[in-house]
Structure formats: C-alpha cells, structure tokens
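Spelled out from the first residue to the last, the chains are:
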Amino acid sequence: MKIVHISDTHIQDDPIMGSVPADNFRACVEHVLEHCSDADMVVISGDLAHHGTNANYAFLSALLQKTNLVSMNPRLMIGNHDNRETFLSAFPQTPVDENGFVQWVEETPRGHFLFLDTNEPGTHAGHYCTKRQAWLRAALENAIRQGSDAYIFLHHNPMTVHVANADQIGIVQVDAFQDILEDYKSVIRHIFFGHCHFSLSGSVCGIPLSAPRSTSHPNWPDFSGNKDRVGYGGMAQNYNVAFLDARSTVIHSMDFLDERKATWVETEADGWLSEDNI
C-alpha cells in the first residue's frame, strides 16, 4: 500500500510564523495529485485548523473541494488546535466511537488502520483517557483475532522526543499508552503521528514510527532543554509517503515546495549517470 501522510495544516486566512497555511496546503495538494494520485490513502493527522472555528473548517472544506483532494477521500483526524464538536459539524461523515471520540478502524489489504483521537479541550497536551485506552485495546485484540497487522495513526507524539517545548505537550497518559504498545507490539507494525512540526523517525516499545513536518510552519528541533522557546523559519514544509508491504515499511519525506530546485537528467541503460550529464 502507498500512503500519503500530511500533518499540521493549521488552516486559517492569516499567516503563521511567516508562512501562509492555505497557500502551502494548496501547493502540497498539487504535489500529491501530480506525484501520488495512485496512493491508496491520504491521511491528515490533526491540527487541521489553527483555531478550530466554523470559519476555519469552512475554509478547509472549500480548499479540499477546490484542490480536488476530496477525490482521494482524505482521512481527517483532529489535534490539539481542533475543536471536536465544531469539526464534526463541518465533517459529519467522519466516524466516531461509542463515546463520541473521533477514532475508528479501517480494514485494509495491508492490515487494520487505527485512527486515534488525542484531543482534550482546553489544553495543547495530548490526552488518551481510560475510555479511549479501552477502545484501543479492543481494536488491537480484534486485529489479533483476525490475524491482521495493525498500523496506528494519532496526532500527538507517543514518547519523549527530547525537545523540551514539544515534550511538555505530548500525551499526558504516556505511561499507560506505552503499556498498551508494549502489550501489543507483536501486532503493531508502525505508528504515524504529527504535532511536533519537525521530521521524526525512531521507535517506541520496539515499534517503528515516523512524523512529517507541518505543511504550515515547520519548527526546528531544539535540544537546549529550554521549554519556553520555539525556532522556526528556513526549514522546508513536507509530507511523508509510506510504502507498506508484508516485509517492509519505507517512508519518504517530500519537501514539496523545493522540487523546483531539482535538476533532472537522463541515466544510462544500467541506471548510472554519464559524466556528460553531470
């Protein structure tokens, strides 16, 4: 399967940290439609709108229509900048669980895709309460019963990323969440998330994970230990493309605004470059 993973679009009219979210999102979608129209799924993993207002979601809905990303049926998830009720009023077709959280399971040719809701009103930190934890355990148990792999999508980082500003707004119940990951690591193949606004890869509880930068305003990873500052500017917006099969998971980061800088040359029959072409 080929998956396009977009995150942190922060749609609104005004610029944020020197970037125009709507313009960047349009450019991202144009790149996706040109180069990844064969993708099996597009996922936008939260912080869809900057303020979670009716106006923000109306703007996002119009962008999805005008750019024709709706033709790829993007899976829309919510993050800390989103408002659950307002989002659902704008996108009522989005699935919810029995407790009203915006989370659901899709059975795909590659396995069970689990889309989680880590939003908690009034805070930018992630929350995954006991009701949501029970839902996740049940979904993973069902995957095991069906002999299926599982892939998890969520907004917030499910582990410490060693950037103080980002770590103070990760998942509050991180120990309980990781207990679930530890219990079901044999079935979980990969975790996709966003929130931090910088590219990440690694593992948690032995499970590989990845995150793209924001399409709106990427941030610099800051290892100073200062939780009260954020660096931005000069880093390319991107989205990720994941290739999933039975034996491997491959993640590519696409700096969609920078492709115009590339020079394309023809190779020899064996795939190597002639010295005349470089």
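Rules behind the numbers
- Residues numbered from 1 in each chain as written.
- Predicted model: local features only at pLDDT ≥ 70, side-chain atom pairs only at ≥ 80, totals over all residues.
- Heavy atoms only, no water.
- Salt bridge = Lys/Arg side-chain N within 4 Å of Asp/Glu carboxyl O.
- Helix = DSSP H or I, 4+ residues; strand = E, 2+ residues; numbered from the N terminus.
- Buried < 20%, exposed > 50% of the residue type's maximum accessible area, 1.4 Å probe, protein only.
- Axes fitted to C-alpha atoms, helices over the stretch in contact; angles between N-to-C directions.
- Parallel < 35°, antiparallel > 145°, perpendicular 65-115°, else oblique.
- Contact = heavy atoms within 4.5 Å.
- Pairing = 2+ DSSP bridges.
- Right-handed = clockwise from strand over helix to strand, strands pointing away.

## Topic: the pattern of salt bridges
Oppositely charged side chains may form a pair once their charged atoms are brought near each other. Following the criterion strictly, the structure yields 14 salt bridges and no others. In this structure, the salt-bridge partner of Arg-84 is Asp-117, at a minimum N-O distance of 2.8 Å. Residue Arg-84 is located in helix H3 (residues 84-90), and its partner Asp-117 is located in the loop between strand E5 (111-115) and helix H4 (130-145); the two are separated by 33 residues in the primary sequence. Judged by relative accessible area, which is 9%, Arg-84 ranks as buried.

## Some details on the packing of H4 against helix H6 (residues 174-183)
Two numbers describe a pair of packed helices, the interaxial angle and the distance between the axes. At a minimum axis separation of 11 Å, H4 and H6 run at an interaxial angle of 10°. Compared by their axis directions, H4 and H6 come out roughly parallel. Where H4 approaches H6, its residues Gln-133, Leu-136, Arg-137 and Leu-140 are matched on the opposing element by Ala-176, Phe-177, Asp-179, Ile-180 and Asp-183.

## Observations concerning the pairing of E5
Counting buried positions along E5 yields five of five residues, so the element is predominantly enclosed. For strand E4 (residues 104-108) and E5, the ladder comprises five bridges, and the chain directions are antiparallel. In the sheet register, Trp-104 faces E5, and the bridge partner there is Phe-115. Hairpin remark: E4 followed by E5, antiparallel, with two residues in the connecting loop. In this sheet, strand E6 (residues 150-153) lies alongside E5 in parallel orientation, the contact comprising four bridges. Along E6, the bridge assignment pairs Phe-115 with Phe-153. A crossover links E5 with its parallel partner E6, the connecting element being H4, and its sense is right-handed.

Nothing here speaks to function; it is all geometry.
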